[in-house]
Every structure is written in C-alpha cells, then in structure tokens.
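Chain by chain, the residues run as shown.
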Amino acid sequence: MKNILKIGLLGICLSALACDDFLTKIPYNTQSIENSYDSPSDIAGNVIGCYNQLITIHRSKELLINENRSDNATYPNTENISSNYDAITPSLLLISSNNDNILPIWRGCYYLINRTNLVLEHLNVVIEENERKQYEAEMKFLRGWAYFMLARYFGGVPLLTTSVSSGEDAKGIGRASLDDTFARIEADLRDSYQLFESLGNSYKPAYGRAHQWAAKALLGKVYMTWHKNDLAKPLLEDVHLHSGFKLTGNYEDVFVATLETTKGKEEILFPIRFTGGGLGIGNNFSTLCGHEEVSGTKGSNLVFWSNSLRDAFTETSDVTLDRRYPVTCGEISSSTTVGQDYPKRYPPKMVGLRLKADGSGKYETDQLDKENDGYLDWPELRFADVVLLLAEIKADPNSLYYNEGEALGLINDVRRRAGAPELDTDDITAMFGGDMKEAVLNERRLELAFENERLFDMIRQGDQYATDILLEFYKTEPAYDPLIYPNVYTMLSQVIYGDKIDAWRLLLPIPNDEILRNGSIKQNPGY
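Residues numbered from 1 in each chain as written. Predicted model: local features only at pLDDT ≥ 70, side-chain atom pairs only at ≥ 80, totals over all residues. Heavy atoms only, no water.

Asker: What is the right way to look at the pairing of strand E8 (residues 378-382) in this model?
Answerer: As a general feature of sheets, a regular strand has side chains that alternate between the two faces. With 5 of 5 residues buried, E8 is to be regarded as a mostly interior element. By the bridge criterion, 3 bridges tie strand E2 (residues 268-272) to E8 in an arrangement that is antiparallel. Of the residues in E8, the one forming a bridge with isoleucine 272 is tryptophan 378. (Buried < 20%, exposed > 50% of the residue type's maximum accessible area, 1.4 Å probe, protein only. Helix = DSSP H or I, 4+ residues; strand = E, 2+ residues; numbered from the N terminus. Pairing = 2+ DSSP bridges.)

Dropping the structure here:
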C-alpha cells in the first residue's frame, strides 16, 4: 500500500512542479475532465494523486521558512551570503516576496485545493455510497489542511471551492479575511470527520490516509489557532481518550525510516509519506538537516539548533536522561570559540534514525544515499502534539477549563515517555515562575522541535509574545553577535529598531509572481 499510495500518480504530482502559477494554468495534466473523472477507478486514482501532492508541498524547504524563523534554529553562515541568501534571510525575518522557498508552498497548496475540488465535483460517478462518502471525507480533509497551511503562513487567502480551468476563472478572486478563511477550514474538517464517523467500522484507512481522528485533531489545532479553545477542547479530548493512538514506547521510533512497520506508527495520526531509492518521491528535509560527516556526503547542513533550544533542554530537563536531547541537538564536535560551533550542529531526528547494529538498543543517524531522497516520513500530526495542545488549554489561567493538576499530568505523560524527570508544582515555580502555560509551551518546544510547530506556538500566544521572544533571541544568541558574525548583525539591523520587531514580519509575503499575475490579490502589510 505504501508504494501504491506514493507512486500511483507520480507523473501527475511531478508535472505540477513544472506548471506555471496555479491561478493562471491548469494544474497536473492536460487531459479533459471528462476523460479523467468518468469512472470510480478514475476517482480512486485522482484521490491518490491528491495525497501525492503533499509530497510536492513538503519538498518546498519549509523548514527554512519555519524553524529558521523561530528561536529553535539559526543559520549564521556568512562566508558567502549571496549564495545562501534564501537560507540566511528567513532566520533574520528578512524574507522577500521573491524568496524561492515561499512560492512552492503557495502554488503547491493551490494545486492540491484545485485537485480536491475536481474530485468533489465528480463524485457522482462513484455508485457505492460508502466509497463516495470516504472520498468526500478525504478530499475535505486535504482541502482543509491546505487552507490551514496557507492561513498560518500568509493570513487570509483566496478561497476556491470549485475547480479552476483557466487563468480567467481565477483572476478576479481576491483574498478572503482571515476569519472567513478559518470558517472555510472549519467547515471542511467538520464535514470530514462527520463523514468518516458515518462510515463506522466499514472504513479501515491505510497508513497515510486521512480518517476521523486526524480530522478531529487538525480541527482542534485550527480552533486553537483561531483562539476558540472552547471548541478545540472536546475534539482534542475525544482524540486523547478514544482514538486508540498513543505515545509510542521510544521517542526515537517516531523518526525511523521504517515507520510503517514499527511501533512509531501508533503515535502518528497523519504522516506525509516519502520513499527514497531514486523514485523522485524522497524527502528533502533530511538533506536540509543532514551533516556530511554523519549522513554521508548528501547532507547540506542548513538547519542549526540554537543555544536557546539547547538551554531549554539543560535548564528544564536532564540531558543525560532525556532521550529527545541527543536526537534533537546533535553535534559533530564542539569548538573552543564561543559561537563558532554552529556548522557542527544538526537535528538527527529529522535526518532519520536507525537502531545501532551493536544490539545496545540505542539509535544513530541514518545515512543519506542520495540528495533530497530521504526515506523518513513527515510526522504531520502526532499524538504528543494532541496531548500538549490539550495541556495548553488546561494550563490557561484565564480559561474556564483551567486545571493545573491535569495540565501537569499531561506534561508528565510526555516527559515520562522521553525518560525526562517528571515535574511537580515546585519545579513549575522554580523553572517558569509558576506559569503552567509557559511550562506547556516549553514542553512542546522540547518534544516537537524541528517539526514546524514552535513558530506557530509562539504566534498563537499573540504577536507581542512572539516578537518579544525573537527580540531576546537575537540579543542573546551568539549567531547574531556583531563581534562573531558582523555581516549577519548588519543585516539584522534592518529588522530591529527602537528595540522592537514589527509584528507584520511574522507572516510571509504573498509571492510576487502571484501578485503580478492576479491584481486582485493584495500583498501583506510591510512587504
């Protein structure tokens, strides 16, 4: 099933990469709709094609515009700024609308949205009712996922709920408000999980396909991003108590290439599937994170963990016990010069892990046989994320659901699995000034580092919260020390002035190509 899901419409998926922008071209193929969607088998194939589009989106170097814009990571390589410009500037909040790493996310999501719309418009050819419901549920999950991806990066975006077959069909469509965008996401994901529920036990999803628990977990996260925790709570509790997913025994098992056949899949509610081996559907994040000294010659070493992340581990856990630390903050060797050791850093878990052959039960970084061809699946939604989102709701002292004891219990569930010392209320006072919510956010940082969650966690707490953290990060992280990296510091002076960072920098700019091709789309403020 893994190869069927990933390879079935590989040609369609890859052809999207060669297309011009979504809003002016027909994506995927040149076949007419009637010839592509006139039988149940056609629909089944196109459903798989939608899943394959997730591969294209996640090959967009998203880590560079997500983790590298948080306090988890940095990229202080100043030897040749011009050749590494699109990697350096996100870590400085200096992304331009022409950055090569943002256009694939925008276009990829709209390719997926149009693809799901086409399937939804032709479901009438599927005669069997449960099969038709399943496809509708899957398509609405994927469309909701794509709009959520766009909303978190860009804000309100154009909403397309019918397919587009020409540039003229899309040119007049402007951006919806952020609230309207979230309402569209809410409707899709609610429909999705209700349709899945109506199927009962007749639907047994293969690993990598959407299902009711993935839809509920994602909608819960959407509600929290939309600041509607009262709606998120019952969904997340349902997933926590009744889904059958759980924290796998070993943290490392979530990041092995053979995830489908290990216990790690017990935790992954929804993975984005990749397969290496020269098929064209391997991941590229393993290459971005890999270091050539441990990953073979195929690691590009563009994602360095920060002192700030390391200090979060050392100050709130025990790095000799916490199994997350060595697979998050890997290091080739330490430099005697403060701040000069960044190029020796890398996050092994995102390269991929494998059990050592010595029978010790310990893990080591996997080897990369080919550039941008990693085997590791992306853990898009996992149970630990759900546990800690629920803890965040219960840790909010301004919420009707505030329950310090339950929040602490959920934190400790995650820490216990990682081998980290459990916390008590005295620890919360000593480490976080008694702020339970800050303890939860810290735990999410340790647990989910380099999974593209930290930046969104910061923004969810409010623009001021996020910019204050980033301002302190820039002031204290050696990567931005003017004596060590003067070129980077000079660039950073464009971002910090009057001892503040403008909140508009937290959103990405709309890709300039899209602005030029569709005058109805307005740029985000500040760009």
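Asker: Looking at this structure, I do not really get empty space enclosed by the protein. What am I missing?
Answerer: If a probe the size of a water molecule is rolled over the atoms, the empty space left behind becomes visible. Counted by the stated rule, this structure contains 6 cavities of 30 Å³ or more. As a volume, the largest cavity reaches approximately 110 Å³. Taken together, 14 residues form the lining of the largest cavity, with Glu62, Arg152, Glu380, Asn452 and Glu453 sitting closest to its centre. If you list the elements that add at least two residues to the lining of the largest cavity, you get helix H8 (129-154) and E8. Looking at the second largest cavity, its volume works out to about 80 Å³. Around the second largest cavity, the lining residues are Ala257, Ser286, Val351, Gly352, Asp366, Gln367, Leu368, Asp369, Asp373, Gly374, Tyr375 and Leu376. Residues that form the lining of the second largest cavity fall into these classes: 5 nonpolar, 4 polar and 3 charged. (1 Å grid on protein atoms, 1.4 Å probe; cavity = no way out; pocket = protein on both sides within 12 Å on 5 of 7 lines; lining within 4 Å. Points joined across faces, edges and corners; volume = space filled by probe spheres on them. Nonpolar A, V, L, I, M, F, W, Y, C, P; charged D, E, K, R; others polar.)

Asker: Can you help me understand the side chain of glutamate 267 in this one?
Answerer: Examined against the element boundaries, glutamate 267 turns out to sit in the loop between helix H12 (229-242) and E2. What makes glutamate 267 buried here is its relative accessible area of 0%. In terms of polar contacts, glutamate 267 uses its side chain to reach the side chain of arginine 417, at 2.6 Å. (Polar contact = N/O pair within 3.5 Å; in protein donor to acceptor, adjacent residues only side chain to side chain.)

Asker: Would you take a moment to explain the confidence of the model for the protein for this structure?
Answerer: Interpretation of this model should avoid reading the predicted coordinates in detail wherever pLDDT is low. Here the protein averages 88 in pLDDT, while 90% of its residues score no lower than 70. Contacts from residues 1-35, a stretch scored under 50 in pLDDT, to residues over four places away or in other chains number 91 contacts. (pLDDT = per-residue confidence, 0-100. Contact = heavy atoms within 4.5 Å.)

Asker: Please explain the nonpolar core as it appears in this structure.
Answerer: Most often, soluble globular proteins have nonpolar side chains that are buried together. Core analysis: the biggest nonpolar cluster contains 154 residues, and Ile43, Phe141, Leu142, Trp145, Leu150, Phe154 and Phe270 have the highest contact counts within it. Element by element, the count of residues in this core is highest for H8, at 14 residues. In this structure phenylalanine 141 touches Leu189, Ser192, Ala210, Ala214, Ala215, Leu218 and Phe270, once residues within four positions along its chain are discounted. (Core = buried A, V, L, I, M, F, W, Y, C linked by side-chain atoms within 4.5 Å.)

Asker: Just to check I follow, could you spell out the layout of surface pockets for this structure?
Answerer: Its volume calculated, the largest pocket comes out at about 520 Å³. Sorting the residues of the lining of the largest pocket by element identifies helix H15 (307-316), helix H20 (425-432), helix H21 (436-448) and helix H23 (463-476) as the ones contributing at least two each. Class assignment of the residues belonging to the lining of the largest pocket gives a composition of 6 nonpolar, 5 polar and 8 charged. By volume, the second largest pocket amounts to about 420 Å³. Lining the second largest pocket are 19 residues, with Ala151, Leu178, Ile459, Asp463 and Leu507 positioned closest to its centre. Those elements that provide at least two residues to the lining of the second largest pocket are H8, helix H10 (178-199) and helix H22 (454-460). Per element, the largest residue contribution to the lining of the second largest pocket is 3 residues, and it comes from H22.

Asker: Quick question: what am I supposed to make of H10 here?
Answerer: Since there are 3.6 residues in each turn of an α-helix, residues three or four apart along the chain are aligned in direction. With 22 residues, H10 ought to run about 32 Å at 1.5 Å a step, and its terminal C-alpha atoms sit 32 Å apart, in line with that. When we look at burial in H10, the residues that qualify are Thr181, Phe182, Ile185, Glu186, Ala187, Asp188, Leu189, Ser192, Tyr193, Leu195, Phe196 and Leu199. The elements touched by buried residues of H10 are H8, helix H11 (212-225) and H12. Positioned one or two residues after H10, glycine 200 has a phi angle of 60°, which is positive. (Expected span 1.5 Å × (residues − 1).)

Asker: Can you walk me through unusual backbone geometry in this structure?
Answerer: Across the chain, the bulk of peptide bonds are trans and the bulk of non-glycine residues have phi less than zero. Positive phi values are uncommon outside glycine, yet histidine 227 reaches one of about 60°. Under the relative-accessibility criterion, histidine 227 is labelled exposed at 55%. For asparagine 452, which is not glycine, the phi dihedral falls at a positive 60°. Mapping asparagine 452 onto the fold places it in the loop between H21 and H22.

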